[in-house]
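# Examination of the molecular architecture
Chain by chain, the residues:
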Amino acid sequence: MGRRERCAEGAVDLFQRRFGAPPETVAVAPGRVNLIGEHTDYCLLPVLPMAIDRWVAVAVGSGPEGRIGAISTAEDDPDGPTVEGWTRYVSAAVAASGIDGGVAVAVDADLPAAGGLSSSSALTVAVIAAITTWAGLDLEPDELVRRAVEAERSLGVAGGEMDQTVIVHGRAGTALRVDFLPPGRRTVPVPDDWTVLLADTGVPAPKAAGARRSYNARVVATRLGAILLADRLGMDAGSPPALGRIAGGDHLAALVEDLPAQISSAEVVRLVDGDLHAVVGEPPLVDPAVPLSVRDAARHVLSEAIRVDRFEEAMRSGDLDGAGILLGDSQRSLERFGVSTPGIERLVARLQAGGAVGARLTGAGFGGHVVALCRRERAAEVAAVGGFAARASDGVSVSWGRS
Ligand code: NG1
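A few points on the structure. (Residues numbered from 1 in each chain as written. Predicted model: local features only at pLDDT ≥ 70, side-chain atom pairs only at ≥ 80, totals over all residues. Heavy atoms only, no water.)

## Here's the deal with the sheet that holds strand 12 (residues 388-390)
What the 4 strands build is an open sheet, ordered 10-11-7-12; its pairing is antiparallel. Unpaired on one side and paired on the other, strand 10 (358-361) and strand 12 mark the two borders of the sheet. Across the sheet, the axes of successive neighbouring strands diverge by a mean angle of 30°, strand direction being ignored. This element, helix 13 (residues 342-353), spans strand 7 (194-200), strand 10 and strand 11 (369-375) of the sheet and lies at about 165° to strand 10. (Pairing = 2+ DSSP bridges. Helix = DSSP H or I, 4+ residues; strand = E, 2+ residues; numbered from the N terminus. Axes fitted to C-alpha atoms, helices over the stretch in contact; angles between N-to-C directions. Contact = heavy atoms within 4.5 Å.)

Here it is as structure tokens:
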């Protein structure tokens with residue numbers, strides 16, 4: 001039995017044990033690793049993630065009238081890991097499914113929580129997929145993505161759509177190039193002799209408190225960069241403002257260097273006579289008076305978008321060393337962007353010394369996992385440093401309907 005089936009079985013068993021009847025629908029969603037294109041999705045610039053063979057399974061059936069019954073194997077096991085705040089995702093996902101209760105949900109997972117591998121999005125997607133199937137709603141995959149994004153944003157993180165897109169649309173053996181403007185997706189085969197390794201910094205990358213604030217501050221900093229650059233170019237950065245709406249010209253790199261190193265949202269809005277709400281949102285993602293590192297943010301995002309194109313080319317031509325260099329460039333850019341940590345940097349260095357051609361943080365940063373790339377015959381050697389080889393997997397699947 002594979003990992004996916006074991007997880008599904010774990011959720012079914014738990015459901016039966018805790019709710020006294022078999023579930024009616026089961027959904028299993030993968031985690032993801034982002035190969036490259038970090039902090040670009042919310043700027044409407046491309047990403048290149050891949051769904052991995054670590055899973056979140058959700059079993060669903062009838063529950064207490066007007067309420068949501070939710071249990072997870074981690075919580076059920078007194079020696080199991082504590083997963084903070086997971087029921088908030090279940091509640092948000094139930095709401096996004098258009099159901100106001102009367103449902104029971106049991107969760108099992110072998111995807112590490114708060115590790116930058118998208119456990120929150122996998123849980124959200126799996127709950128919405130299971131419940132809408134159970135309720136007889138036949139959601140189009142893109143509608144499933146849309147509802148999962150909406151559910152997570154309702155919890156206060158101004159995230160992009162990368163995670164939910166690859167968790168729904170991922171295909172075995174391939175990474176997924178995702179564009180947002182205009183929207184597009186294409187699979188990119190992972191060359192046979194490449195191994196993608198994931199190593200844990202041991203520091204959680206939770207989506208709560210400090211990490212959420214730091215993430216949202218980066219989102220707003222990129223919006224400020226977009227507004228100021230658009231103003232110089234006589235263009236419209238849109239609402240919310242996005243660097244993706246003005247990217248593409250060679251002239252941009254020079255203009256980025258002229259951006260202020262630090263400037264607050266309030267100041268930018270004053271300068272360009274803009275709309276503060278469109279920039280910081282409501283409730284505000286960050287204090288409008290706090291200066292943000294706008295130049296570093298724009299520099300990172302615009303250079304990272306170019307690396308996505310180059311990395312895709314390297315994958316298609318089997319240029320492993322070229323791909324490794326791009327990972328290193330991405331990591332250094334993320335360090336200047338302020339989302340790396342000394343622990344991430346030490347782990348990246350150890351993986352490289354152990355035989356990886358390149359490594360970098362994956363996901364939002366501030367902890368979590370590092371992704372490393374190596375030739376397949378060196379995988380065991382690099383994995384000895386720490387970590388596991390991730391296989392590119394299919395996206396979410398649902399079994400059974402409502403009995
Ligand atoms: P993780 O690593 O799952 O926190 C977050 C965002 C992504 C993307 C990355 C950075 C959510 C659900 N996920 O990922 O959209 O912006 O950070 O590239 O908000």
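## Considering the nonpolar core
Counting residues in each nonpolar core, the largest one holds 62 residues, and the members touching the most others are L35, M50, V58, L123, I131, F311 and M315. Counting residues per element, this core draws most heavily on helix 4 (residues 119-134), at 10 residues. Not counting residues within four places of it along the chain, the set of residues in contact with M50 comprises G31, R32, V33, L35, V166, T174, A175, V190, V196, A390, R391 and A392. Listed in part, the 55 residues of the second largest apolar core include L197, V348, V370 and C374. (Core = buried A, V, L, I, M, F, W, Y, C linked by side-chain atoms within 4.5 Å. Buried < 20%, exposed > 50% of the residue type's maximum accessible area, 1.4 Å probe, protein only.)

## Points about the sheet that holds strand 1 (residues 25-36)
Across the sheet, 5 strands lie side by side as 3-4-2-1-13; this open sheet has mixed pairing. The sheet terminates laterally at strand 3 (68-72) and strand 13 (397-399), the two strands that pair on one side only. Across the sheet, the mean angle from the axis of one strand to that of its neighbour is 20°, orientation sign disregarded. Bridge count for strand 1 against strand 13 is 3 bridges, and the pairing is antiparallel. Bridge assignment links V28 to a residue of strand 13, and that residue is S397.

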